[in-house]
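The residues making up each chain are set out below.
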Amino acid sequence: EEMKSLHQIVNEHQSDKNIEIWEDCAECYAGKGGYKGSESADVHFFSFGTIKTSTALGGGICVLQNESSKSVSEQMKRILHTIHGQQTRKEFLMKIFKIFLLHLLSRHPCVLGVLVHLLAMFGIDYDYLVTSSVKGFPAKISKVSNMSEM
């Protein structure tokens, strides 16, 4: 396993340094019985963004294997709240409404087809619009460069 190999390399080179292995498990969460992270990693990050299989419409968790990682998690928490702040109820409700609307549109192929053509008439790329709507970070609406692609 790659994580075990990485753990061996870290152990060989860490002599007086405290090197931690952080694992990106963004696409790995599958419930209680699913993948819980590699035993070789010190910290595991799971994401529950809108486009994830197991979604909570945003957010994530950080699982610490030992107490020494706790100081790092406290620093990360301070940075996160300093840069982004906590999501307001209004922002969360707007996210729920947006996802509900996208889900509703996707269940009716005729309505969706009309919407795709209307957006194309205004030079808006439907795929980019939907993708940027469900991402956890803002994106600008792209104009279609070649209308014949629609």
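Residues numbered from 1 in each chain as written. Predicted model: local features only at pLDDT ≥ 70, side-chain atom pairs only at ≥ 80, totals over all residues. Heavy atoms only, no water.

S.K.: It is not clear to me how the packing of helix α3 (residues 89–106) against helix α5 (residues 126–134) should be interpreted in this structure. Could you clarify?
M.R.: Two quantities define a packed helix pair, namely the angle between the helix axes and the distance between the axes. Packing of α3 against α5 leaves a shortest axis separation of 10 Å and a crossing angle of 140°. The two elements α3 and α5 cross, and the hand of that crossing is left-handed. Along its contact with α3, which presents K98, I99 and L102, the element α5 presents V130, S133 and V134. Across the contact of α3 with α5, the residue classes tally to four nonpolar, one polar and one charged. (Axes fitted to C-alpha atoms, helices over the stretch in contact; angles between N-to-C directions. Helix = DSSP H or I, 4+ residues; strand = E, 2+ residues; numbered from the N terminus. Left-handed = near helix turned anticlockwise from the far one by under 90°. Contact = heavy atoms within 4.5 Å. Nonpolar A, V, L, I, M, F, W, Y, C, P; charged D, E, K, R; others polar.)

S.K.: Would you mind going over the pairing of strand β2 (residues 43–47) with me for this structure?
M.R.: Remember that side chains alternate between the two faces of the sheet whenever the strand is regular. Here strand β1 (residues 22–24) runs beside β2; their pairing, made up of three bridges, is parallel. Note that in β2 the partner of D24 across the bridge is F45. Pairing between β2 and strand β3 (residues 60–64): five bridges, direction antiparallel. Paired with H44 across the two strands is V63, which belongs to β3. (Pairing = 2+ DSSP bridges.)

S.K.: Help me understand the sheet that holds β1, please; the structure alone is not making it clear to me.
M.R.: Picture the strands of a sheet paired through backbone hydrogen bonds; they go either parallel or antiparallel. Pairing in this open sheet of three strands is mixed, and the strands run β1-β2-β3 from one edge to the other. Edge positions in the open sheet fall to β1 and β3, since each of these has one partner strand only. Strand-to-strand, the axes of this sheet are offset by a mean angle of 20°, without reference to chain direction.

S.K.: Is there a simple way to think about the packing of aromatic side chains in this case?
M.R.: Aromatic ring pairs are described here by two measures, namely the spacing of the ring centres and the angle between the planes. Following the criterion strictly, the structure yields one aromatic pair and no others. Ring centres of W22 and F45 lie 5.4 Å apart, and the angle between their planes is 50°; this geometry places the pair in the tilted category. Pair noted here: W22 is in strand β1 and F45 is in strand β2, with a separation of 23 residues, a long-range link. Residue W22 is classed as partly exposed on the basis of its relative accessible area of 39%. (Phe/Tyr/Trp six-rings, centres within 6.5 Å; stacked < 30°, edge-to-face > 60°. Buried < 20%, exposed > 50% of the residue type's maximum accessible area, 1.4 Å probe, protein only.)

S.K.: What is the right way to read the state of the cysteines from this model?
M.R.: Working definition of a disulfide: a covalent bond connecting the sulfur atoms of two cysteines. One pass over the structure, following the stated rule, counts zero disulfides. The closest cysteine sulfur to the non-disulfide-bonded C62 is located on C25, 9.9 Å from its own sulfur. On the basis of relative accessible area, C62 is assigned to the partly exposed category, the value being 33%. (Disulfide = S-S within 2.5 Å.)

S.K.: I keep staring at a nonpolar patch on the surface and nothing clicks. Help me out?
M.R.: A grouping of M94, F97, F100, L101 and L104 is seen on the molecular surface, where their side chains present a nonpolar patch of about 500 Å² in accessible area. One can find L101 in helix α3. The exposure class assigned to L101 is partly exposed, which follows from its relative accessible area of 37%. (Patch = residues over 30% accessible without salt bridge, like charges linked within 9 Å, V, L, I, M, F, W, Y side chains within 5 Å. Areas by Shrake-Rupley, 256 points an atom, 1.4 Å probe, with all protein chains shown as cover. Salt bridge = Lys/Arg side-chain N within 4 Å of Asp/Glu carboxyl O.)

Read these as layout, nothing more, since geometry by itself doesn't imply function.
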